[in-house]
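Spelled out, the chains give:
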Amino acid sequence: MIDERIHKSLWTTTAPGRRFPTLSGELTVDVAVVGGGVAGLTTAWLLRRAGKKVVVLEMNRLLSGQTGQTTAHLTELLDTPYDKLRSDFGEKGARMAAASSRASIEQIAALVEALGVDCGFQRVPMFRYAETDSQLRELEKEVSAAREAGLTASLTRDVPLPYPVKGALRLENQALFHPRAYLLAMAERLEQEGCLIFEETRVVEVQDGTPCTVVTDRGTVIATDVVEATTTPLNRLFLHTKIYPYRTYAVAGPLEAPLEAGLYYDSQEPYHYIRPQRIDGVDYLIVGGEDHKVGTEEDTEKHYAALEAYTRRHFPVTRLTHRWSGQVIEPADGLAYIGRNSASRHTYVATGFSGTGITWGTLSGMILSDLILGRENPYAALYDATRVKVKAGAKDFIQENAEVAFHFVADRLARPEGHRLSEVAPGEGKILEVDGKKVAVYREESGACHAVSPVCTHLGCHVHWNRAERSWDCPCHGARYSPTGKVLNGPAVKDLASQKLPPEASADSPTTTHGDER
């Protein structure tokens, strides 16, 4: 399987890594970890150190998923404000959320030292800044709530940015690093210590039981316990009603004047997140933002353009060398879901990391390894994956799931974008109607066309074309496919079904069918 991303992140190009083997045949282990990102590798690390026989199964290349698309802010400031966490989870819950984030950062710091890896780990302050008086008033409330939650928060007007702001919430002792350099070192040490790591091995089914059975396209794994660390769990239907997929974008380029090391966030909606990172002697600036629901916008190029303009307008950067996008999974009630899956005895999940994927991904490894080892974990109850917080998540739950139902019906009734291949330009994808049947067609720059079914193999919604990433994206639960129908993001585990076009539709262009030949 080929990683078909057209935009490579700063992390991917500066820490390429090596290949790991694919699974072949049957294997028996104590724990099977599905997903080779920060949550999966951290879980594997902690379990292997405790003496468990562990296998990691990655669908594509190791760290090529959402961990490779992060901007890697290690912070205790969550996307959900602490005053809202206090309201929804109580004062104790807010304090535990803060303490768990601190524990995660310290776990990373300890592992950086244990691995002896040069990944640019640096303790820095964090600034959430206001540019208007109303934003400043909101920050004043958040400073108070953050202090009550145990954070070292203060309100400051001294913000080391190259443009004026009204003030900022400042947090001490946050951190930044090169996430891929860190995790590649962890993977190497894991393999040296007996952990099995397999790439290009797609899990198509997890059967909970005693033992569990993990079915892949390369063979079968028998395991006492299974961890699904896959951004979005595989076909966990109830859990998908509590998590909502969004696309987020990032750009990076060399700084042309100094910027104080730190984590910076504005107070816009959606907000921008900014930080520097020194790599191979070059100081890069990384700017992210422009979030939107997956599959709801075709002109995704405009988000890159907006980020690039924002960066050049605010910072001493003229040459942007990298652009990439990632998937952010928002939880219904503001906290990640980490723990045993509903109706399962030995299958565990970790999802809903919002904008703090590296922090909560690491926390997932800490919680899940303790649960599997039978140890008490102080944060397990707060992040329990089976919880339903009616008060906290009711509004988003109703709105997001109503949108799923809308897309399921409306996309079937929507007018096609054309009827002939000549209407699909090179490098473009469109939904055509041919002989009364909708077909998703992508045309390569060379002119060859690929035709697949537009029906998402997860729950049957229709995919939409993502112009910037050249992918087919499902607006219902966030599954994404390559132009030729190969799964890029779960929860789907099967490729889009290939379609053959009749001669009259394909007479004006050579046609190739790809995807699941069913």
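Note that the coordinates shown come from a computational prediction; the quantities given were computed from them, not determined experimentally.

Visitor: Any chance you could explain the packing of aromatic side chains here in plain terms?
Guide: The relative placement of two aromatic rings is captured by the distance of their centres and the angle of their planes. Within the structure shown, the criterion is met by eleven aromatic pairs. An angle of 65° between the planes, with centres 5.7 Å apart, marks the rings of Tyr271 and Tyr273 as edge-to-face. As far as burial versus exposure is concerned, Tyr271 and Tyr273 are alike and both buried. Site record: aromatic cluster; members linked through ring pairs are Phe121, Phe177 and Tyr182. The positively charged end of Arg18 is found above the aromatic ring belonging to Phe20, 4.0 Å away from the centroid. Of note, Arg128 hangs over the ring of Tyr271, and the distance from its end group to the ring centre comes to 4.9 Å.

Visitor: When you look at the state of the cysteines in this model, what are you seeing that I'm missing?
Guide: A covalent bond between the sulfur atoms of two cysteines is referred to as a disulfide. The final tally for this structure, using the stated rule, is one disulfide. Note that Cys461 is cross-linked by a disulfide to Cys476, the S-S spacing being 2.0 Å. Disulfide Cys461-Cys476: torsion about the S-S bond near -95°, hence left-handed. Of this pair, Cys461 sits in the loop between strand 20 (449–452) and strand 21 (464–466) while Cys476 sits in the loop between strand 22 (471–473) and strand 23 (480–481), and the two are 15 residues apart along the sequence. Each member of the pair, Cys461 as well as Cys476, carries the same accessibility label: buried. Cysteine Cys456 is unpaired, with the sulfur of Cys474 as its nearest cysteine sulfur at 3.9 Å.

Visitor: Please clarify how helix 4 (residues 133–148) should be interpreted in this entry.
Guide: Each α-helix winds once per 3.6 residues, and so residues spaced three or four apart point in a common direction. Compared with an ideal rise of 1.5 Å per residue, which puts 16 residues at 22 Å, helix 4 spans 23 Å between its outermost C-alpha atoms and is within 8% of the ideal. Gln135, Leu136, Leu139, Glu142, Val143, Ala145 and Ala146 are the residues of helix 4 that are buried. Where helix 4 is buried, its residues contact helix 3 (82–115), strand 4 (122–130), strand 5 (153–156) and strand 6 (167–176). Positive backbone phi, approximately 100°, marks Gly150, located one or two places after helix 4.

Visitor: Honestly, the sheet that holds strand 21 in this entry has me stumped. Any pointers?
Guide: Whenever strands of a sheet pair, they do so through backbone hydrogen bonds, lying parallel or antiparallel. If you trace the four strands from one edge of the open sheet to the other, you get 21-22-23-24, paired in antiparallel fashion. Strand pairing shows two members of the sheet lacking a second neighbour, strand 21 and strand 24 (487–489), which therefore form its edges. The pairing of strand 22 with strand 23 spans two bridges and is antiparallel. Paired with Trp472 across the bridge in strand 23 is Tyr481.

Visitor: Got a minute to help me understand the side chain of His178 in this structure?
Guide: Within the secondary structure layout, His178 lies in the loop between strand 6 and helix 5 (179–192). His178 gets classed as buried once you look at its relative accessible area, which sits at 5%. Ignoring anything within four residues of it in the chain, the contact list for His178 reads Trp11, Thr14, Ala15, Cys119, Gln277 and Ile279.

Visitor: Honestly, the environment of Thr42 in this entry has me stumped. Any pointers?
Guide: You can see Thr42 is positioned in helix 2 (residues 38–49). With a relative accessible area of 0%, Thr42 lands in the buried category. It is 8.6 Å that separates the C-alpha atoms of Thr42 and Leu363, two residues lying 321 residues apart in sequence. Leaving out residues up to four positions away in the same chain, Thr42 has contacts with Met186, Thr362 and Gly365.

Visitor: Please explain the pairing of strand 2 (residues 54–57) as it appears in this structure.
Guide: A regular strand carries its side chains on alternate faces of the sheet. Across the two faces of strand 2 the burial is the same, with Val54 and Val56 and Val55 and Leu57 all buried. Here four bridges tie strand 1 (residues 25–34) to strand 2, and the two strands are oriented parallel to one another. Its bridge partner being in strand 2, Val31 is matched across the sheet by Val54. Handedness of the crossover joining strand 1 and strand 2 through helix 2 is recorded here as right-handed.

Scoring rules and cut-offs
- Residues numbered from 1 in each chain as written.
- Predicted model: local features only at pLDDT ≥ 70, side-chain atom pairs only at ≥ 80, totals over all residues.
- Heavy atoms only, no water.
- Phe/Tyr/Trp six-rings, centres within 6.5 Å; stacked < 30°, edge-to-face > 60°.
- Buried < 20%, exposed > 50% of the residue type's maximum accessible area, 1.4 Å probe, protein only.
- Lys NZ or Arg CZ within 6 Å of the ring centre and 35° of its normal.
- Disulfide = S-S within 2.5 Å.
- Helix = DSSP H or I, 4+ residues; strand = E, 2+ residues; numbered from the N terminus.
- Expected span 1.5 Å × (residues − 1).
- Contact = heavy atoms within 4.5 Å.
- Pairing = 2+ DSSP bridges.
- Right-handed = clockwise from strand over helix to strand, strands pointing away.

None of the figures reported here should be taken as evidence of function without further support.
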